[in-house]
Amino acid sequence: MTAEGGGEALRSRRARRSGTTGRRSEWLAILWLAAKGYRLLARRFGGKGGEIDLIVKRGRTVAFVEVKARGAIEDALGAITPQKRRLIEARIRQWLARNPWANDHHLRADAVFLAPRRWPRHVPAVFPLVL
């Protein structure tokens, strides 16, 4: 095995572990939001160039939820960068074009932050939407 091949295998293991952690984090967020009365509309909407982790609805509110899992809640709080916000907003516009019924609802960008041995933290309107 070459050094390059070993690096690829390491990246592949990290990517699988990150994917597993991401899926587990999303399920925890779904359960947390469901306990608060939200109904899941979509999961992993988008694709290349970014995706919205969860789209949920409660009453007249549709929330586009970014799920972030880190070693500490404080690290998760800083994980939504301005570039990530722009990608999320682009995907929201795409979702709204396919779901025009939601245009007369209150639209919000939320986040659920997760860290080991801590309760999930749901932050409604984590950033203002510019659509």
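Note that this is a predicted model, so its numbers are computed, not measured.

A. Quick peek at the overall build of the protein chain. Each helix and strand counted, the protein chain has three helices and five strands in total. Starting at the N terminus and ending at the C terminus, the protein chain contains elements arranged as α-β-β-β-α-α-β-β. For the protein chain, the proportion of its 131 residues judged to be buried stands at 38%. Excluding contacts between residues fewer than 6 apart, the proportion of contacts in the protein chain whose partners are at least 24 apart in sequence is 53%. When the accessible surface of the protein chain is split by element, carbon and sulfur atoms take 54% of a total near 7900 Å².

B. Focus on the side chain of His-122. Its location among the elements puts His-122 in strand E5 (residues 121-127). At a separation of 2.8 Å, a polar atom in the side chain of His-122 contacts the side chain of Asp-110. Not counting residues within four places of it along the chain, the set of residues in contact with His-122 comprises Trp-32, Leu-33, Lys-36, Tyr-38, Arg-108, Asp-110, Ala-111 and Val-112.

C. Representation of the nonpolar core. If you look at the biggest cluster of nonpolar residues, it comprises 21 residues, and the most contacted ones within it are Ile-55, Val-62, Phe-64, Trp-95 and Phe-113. For this core, the elements supplying multiple residues, two or more each, are strand E1 (39-47), strand E2 (50-58), strand E3 (61-69), helix H2 (73-77), helix H3 (82-98), strand E4 (106-114) and E5. Ignoring anything within four residues of it in the chain, the contact list for Ile-55 reads Arg-39, Leu-40, Leu-41, Ala-42, Phe-45, Val-62, Ala-63, Phe-64 and Trp-95. Listed in part, the 11 residues of the second largest apolar core include Ala-29, Tyr-38, Val-65 and Val-67.

D. How the structure looks around the sheet that holds E1. Strand order in this open sheet of five strands is E1-E2-E3-E4-E5, and the pairing throughout is mixed. Each edge of the open sheet carries a strand with a single partner, namely E1 and E5. Along the sheet, successive strands turn relative to each other by an average axial angle of 30°, direction set aside. Here H3 sits on the sheet and contacts E1, E2, E3, E4 and E5; the angle it forms with E1, its principal contact strand, is near 115°.

E. Structural context of unusual backbone geometry. Of note in this structure, Arg-117 is not a glycine but carries a positive phi near 55°. Positive phi, normally seen in glycine, also occurs at Ala-125, with a value near 50°. On the secondary structure map, Ala-125 appears in strand E5. The exposure class of Ala-125 is partly exposed, given its relative accessible area of 45%.

Basis of the calculations
Residues numbered from 1 in each chain as written. Predicted model: local features only at pLDDT ≥ 70, side-chain atom pairs only at ≥ 80, totals over all residues. Heavy atoms only, no water. Helix = DSSP H or I, 4+ residues; strand = E, 2+ residues; numbered from the N terminus. Buried < 20%, exposed > 50% of the residue type's maximum accessible area, 1.4 Å probe, protein only. Contact = heavy atoms within 4.5 Å. Areas by Shrake-Rupley, 256 points an atom, 1.4 Å probe, with all protein chains shown as cover. Polar contact = N/O pair within 3.5 Å; in protein donor to acceptor, adjacent residues only side chain to side chain. Core = buried A, V, L, I, M, F, W, Y, C linked by side-chain atoms within 4.5 Å. Pairing = 2+ DSSP bridges. Axes fitted to C-alpha atoms, helices over the stretch in contact; angles between N-to-C directions.

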